[in-house]
Amino acid sequence: MGAEQSSLSASDIRQNNVTFSINGKDYNVKTENEPDIGPTTLLVDFIRDKAGLKGTKYVCREGGCGACVVMVKSRDPTTESDMIRAVNSCLLPVFACDGYEISTVESLGNRKEGYHDVQKQLVKFSGTQCGFCTPGMVMNMYSLTRSKPGYKAQDVEDTFDGSICRCTGYRPILDAFKSMAVDASEELKRKCADIEDCSKCPCAAKGDVPKCLKPVTPGDENESFETCCSNSAMYIKLTTGEEWLKPLTLESLYEALERFTSSGMTYRLVAGNTGTGVFKNDGPYQAYIDINSIPELKQSTVQSTGVTLGGNITISSAIEQLQKASEFDGYSYTAAMVKHLKRVANVPVRNAGTLAGNLMMKHAHREFPSDIFLLLETVAAKLKIGSSPTLTRDYSPLEFRQLDMKGKVILSIQLPAYRGNEYFFRSFKITRRHQNAHAYVNAGFLFKVDPNRNFSVRDKPTICFGGINPEFVHAAATEMYFLGKFLNAATLTGAFDSLQREIIPNHILPDATPEYRRGLTQALLYKVMLGIYGERAKAINRSGGNDIERSLHYGKQTYDTDPSQYPLYQPIPKLEAYTQASGEAEYVNDIHQQQDELFGAFVLSTVGNASLKEIDASEAMLVPGVTAFVKASDIPGVNNYAIFYPEKEEIFASEKIRFAGQPVGLVVATNKEAAFAAAKKVTVMYDNVQPPILDIHDSITLAENAGKAEELILQICKSPEEPRTEKVAQTLTGEFRIGGQYHFHMETHVSICIPTEDGMDVFSATQFVDSVQAVIAAALGMTNNSINVSVRRLGGAYGAKISKSTQVAAACAVAAHVTNKPVRVALDLETNMRMIGKRLPYLTKYEVGIDNDGKIESLKAQIFCDPGYVANEATSLFAMVCAQSCYRAAGWQITPGKSLTNTPANTYCRAPGSTQGIAIIETIMEHIAWAVKKDPLEVRMTNFIQPGDPLIAVPGHKFEGDNPLPNMIAELKTSADYDDRKKFVDTFNMNNRWKKRGLAIVPMRYPQHYYDSKFPTYVAVYHTDGTVAVSHGGIEMGQGINTKVAQVVAHTLKLPLDKVKVKPTNNLVSPNAGVTGGACTSELVAHSALKACEELLAKMAPVKEEMKDEPWEKIVHACYMQGIQLTAHHQDKAGVVKPYDVWGVTLIEVLVDILTGEYKIVRADVVEDAGKSLSPEVDIGQIEGAFVMGLGLWTTEKLVYDTNTGELLTNGTWEYKVPLHMDIPEDLRITMLRNAPNPFGVLASKATGEPPLCMSVAILFAIRHAIEEARKNAGNTEWFQMDGPVTPEDIHAMSLTSKEQFDL
Ligand SMILES: Cc1cc2nc3c(=O)[nH]c(=O)nc-3n(C[C@H](O)[C@H](O)[C@H](O)COP(=O)(O)OP(=O)(O)OC[C@H]3O[C@@H](n4cnc5c(N)ncnc54)[C@H](O)[C@@H]3O)c2cc1C
Ligand code: FES
Ligand code: FES
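Since this is a predicted model, take the numbers as computed values, not measurements.

Draft legend 1. Representation of the environment of Ala489. By secondary structure assignment, the location of Ala489 is in helix α16 (residues 489-502). Between the alpha carbons of Ala489 and Phe944 there is a distance of 51 Å; along the sequence they are 455 residues apart.

Draft legend 2. Local environment of the packing of aromatic side chains. By the definition in use, this model includes 39 aromatic pairs. With centroids separated by 5.8 Å and ring planes inclined at 70 degrees, the aromatic side chains of Tyr481 and Phe482 adopt a geometry described as edge-to-face. By relative accessible area, which is 22% here, Tyr481 ends up partly exposed. Grouped by ring-pair contacts, the aromatic residues Tyr331, Tyr333, Tyr418, Tyr423 and Phe425 constitute a single cluster. When the ring centre of Tyr481 is taken as origin, the NZ or CZ atom of Lys485, which lies over that ring, is 4.2 Å away.

Draft legend 3. Region of the structure containing the site of ligand 1. Neighbouring ligand 1 are 36 residues, the closest being Thr274, Asn312, Thr354, Asp371 and Lys429. Taking Ala271, its main chain carries an N or O atom lying 2.9 Å from an oxygen atom of ligand 1. Burial of ligand 1 by the protein chains amounts to 96% of its free accessible area of 970 Å². At 5 residues, helix α12 (residues 355-364) tops the list of elements feeding residues into the shell around ligand 1. Looking at the shell around ligand 1, its residues break down into 18 nonpolar, 13 polar and 5 charged.

Draft legend 4. Summary view of the pattern of salt bridges. Scanning the model with the defined rule gives 78 salt bridges in all. Across the pair Arg111 and Glu584 runs a salt bridge whose closest N-O atoms are separated by 2.7 Å. Of the two residues, Arg111 is situated in the loop between β6 (101-103) and α2 (117-124) and Glu584 in the loop between α19 (577-581) and β21 (598-604); the sequence distance between them amounts to 473 residues. Measuring nitrogen to oxygen at the nearest pair gives 3.7 Å for the salt bridge that ties Glu673 to Lys672.

Parameters and conventions
Residues numbered from 1 in each chain as written. Chains lettered and ligands numbered in written order. Predicted model: local features only at pLDDT ≥ 70, side-chain atom pairs only at ≥ 80, totals over all residues. Heavy atoms only, no water. Helix = DSSP H or I, 4+ residues; strand = E, 2+ residues; numbered from the N terminus. Phe/Tyr/Trp six-rings, centres within 6.5 Å; stacked < 30°, edge-to-face > 60°. Buried < 20%, exposed > 50% of the residue type's maximum accessible area, 1.4 Å probe, protein only. Lys NZ or Arg CZ within 6 Å of the ring centre and 35° of its normal. Near = heavy atom within 4 Å. Polar contact = N/O pair within 3.5 Å; in protein donor to acceptor, adjacent residues only side chain to side chain. Areas by Shrake-Rupley, 256 points an atom, 1.4 Å probe, with all protein chains shown as cover. Nonpolar A, V, L, I, M, F, W, Y, C, P; charged D, E, K, R; others polar. Salt bridge = Lys/Arg side-chain N within 4 Å of Asp/Glu carboxyl O.

What follows is the structure, given as structure tokens:
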């Protein structure tokens, strides 16, 4: 079927040819010549693989992370004007880019041309760590500067509602960009000026004017839009038979639809194509119709006489139109719709995703909790649906849902007017995370009520709920019930009963429980009633009717520096920050394709507890491009990637399946699309399939029932002093559970293995080079000196790339060995989440004896961790060490244990064990405070450690020195106005039944140990210009190790910082290097670098002595002439750097909506003793980033498994929610303790990467206090177990909120 069969004349239509530009360069994709580009090829892959621009990254490929954001300029078909938008390149098909002008991060600036203001600003404010999210952040911001001149700080914050950064905790990114807004705060502008000096661009060669200082302002970039971007019709027919059409008129669209429907072809209309981010398995289709150039679908009219929205206007555009409409009589309700729509998806998705697209997703998937459908049904909008140029009809959204939409098009949406003051519209979206999250339950209410006649209900109201079950829309019985009634307490009781009867939620994991969802429907109706009553509601109830509003974020950072020692201790941005902000920083998957390179995709098991019977890859082998299927029997050497650990962890399962998601093989193909497609076609057969054990509680019970409880115990740790039972006034028992956590490193696991003449070159995203080398050598049966491993940087790791990167690297190496070709394995997010172990879940059982003051006289705690299917990384031993925290441990017995489950081999995750250990003892403190009815802080201080007290995890050792916590707490109380705020919180809680505030102060002692010192550091000086190159055994993964090392080297050699460069890590220069982790590697490598520099200076000393005040360059050259080797290589012996304690105090205030369980963190003050920080901006970044990752652990991040199969159900950004910027404290103040040099640490510093994560547990107790207040009002003052993570659902349940308490 060709173009001539369309109504478009042949001269109008371009065939098999897509044109667009990227960064000003035209691309003309002739589909006959490019068989690997099809209708599902996405822009992100074209940008990276065809255009070779590796700055644009991807992580989720579902619109959920923002890493892939680029700017698109296109033409509005209705106005012919330019539209500039940030969009997700992971959702945009290449064929849909026809006529687009695309800008990637490379177009902004680089080290040669200079950097753009947006990039510079991010660098100045230390807004990059691992840098993997950075290009997406930059392009999102850049798009705002281009699309909305005169943008305000609020616009900046609103723009980042879909951008994940796992490293920074968001504050510096927001500050950086808000400082550019027209209404930037004076504080931000001042900060920007203050740090101007220290943000010298690396392109500033000596004597040159740094090019980057040339301002590039958004206003300078109004170049014309004529390169290639014009709308013209297009038709593509591929050799596969698939068709792609771009009609310009509605008539041509109908014609195409008629052709496809009558011939029975499957087709998809392509609007924003964002629906593919949610429903990934829809299709396949034989035809695609790009409808973005049809003016009729984009045409809106907003007038006082009526409001009609074009069916395919984007959600962003709908927001603008509805905002306008809200000015007109009868349409004020659209302002509330705007507020709701701003919480649908995120800005880049809303910039592409359309109203009709969303509605059709609801049409195809009734379970989808569409906010658009819900809003339109609530206000009785009409959808105009056309099936031919002459046949259109209006339908309600509900009628549309029943309609056969084959061959039909949603043309437009008409909104009715509701004139007069009696209409009351309200909508809600209750979610696990405030931004970019689909609803647990969404709701729309439209009431016509006369407040002056006892709130008489004038018409049948509309009450709609989403998220209940696939069929549910209207609470029809309750709507009827209200008819003719007065809104009063009695009516309300009846309405709640009615809802109770008609709301029957389904239960499909990982959705929230039916009880919660039903409870929400009642609570939301109650909120509406309170809203209608307004000032006439009882004062104590009134605030229950309001949503929690959020203001702009504020941040303050306080620390000491020492200018006399600069560049050491100098607050500078990370060395790599500019290259990260420009996309020039190279990550493993950015390494350009090798000749004949292949791609490997894992095949994972789909059951959690079985024997492997057979694998049939025959169908997969038929997929064009597939070259091999590699499995356990193809491994020439050892099938074990845990050779440094006691127990075996197979690279590919050979007999037993121990968890769902376990790799059974790797499909290898010439391209990644073929590899991923073929992996789905491998059939795995199992024998003896058993129910999986997924929960640590079940696992322990099983062991206990089998009489094997003893085997779970790893150690018994007792304090030297016996319990003083005679002093025990009461004994408390309890349990405390902590969930797992997915690391969510933005760069997924990736490895490239290239067979070479001497063995294999390996590029691996690993924290543990030595292990990758050894495991590959063992797997291939090669010697270790045959394996050359190199690591430039990681895009985040947080512990996940210690042991687990070796599995990916080893599988990749086996494939390279079998095929004798270079192989790349880069996991997609879902595989990464299903296959790789996570932070270990914990279960603790405790029994604590206390005196009347709450002092602990005896404590027994069994701390069980769940290491997954194998106990190689059972972190409860670390938990035991840290559980003492800052408390006196007399009469304590701590028993760390482990209990296996059918989940992946869990692994270290930032602050492993320490997080849980500290949280456990703090939970016990809370329990004690409840029992003795005292302020928890008082109880904590009663139990504080004193000099001479035993350190229970280090037998024979005592706590020496002073406990600085009382002073730290006193200072914090003053700086944070604690006493006044506490009074305010108490009064607030007394006066408000349905909103509660919680305050918690939590202290911490974190014992910093050095587990490993094997970090060789190599320093080389070049005689021609005296510049210095360093390579070390640590891995740069965002923590700023290279920046600190360069500062130490420059300081020690007395050179300016720009003389020093840090090179990638490799196993030739740094053989046998230890694990980068445990927060201490930066310190250890800094020390090793210091020593190497001292050795170098010692070699140069005689020459320097002779040349006295000659400049460094001349001395270096003279050394060279005398044959002095200008290198030094140092590795410390174990124990050179002594352990010490890190102290901290956290104060958190929260505001909780007791009716829904939603909350916000009003303010957090974090005080950490970081010694004398080697690089304060880097350390502030570590503190903020770790703290926010901890907030995720305790609140938003919940792992849910299928109880039948053991499959992880929260396996992407749609279901697994790491914190976004609205989840961080609205006011976040970080202080690094002043005047606190560390006598033991490296150059007086302390580690910062992990302790702040332990401090984040304060959020749990702040929420707890708010809940306690609500429970008191509900008549319950009992102790209640509160586990982490605590979700809105948990908060709602623990608050004992029930309809019986809802009075007006
Ligand atoms: C990360 C993410 C988060 C999201 N969060 C939310 C959320 O919180 N709440 C919510 O409600 N939604 C959410 N969504 C869904 C989002 O709103 C939709 O993806 C978007 O609106 C779909 O529009 P589109 O233009 O991209 O549709 P497309 O993906 O292009 O098309 C979707 C379907 O609609 C059909 N279609 C498109 N236009 C028409 C038309 N005019 N007539 C007939 N059929 C048509 C297509 O054939 C296709 O079947 C989210 C999506 C993503 C990716
Ligand atoms: S990769 Fe595109 S949004 Fe995550
Ligand atoms: S810097 Fe943002 S994810 Fe690492």
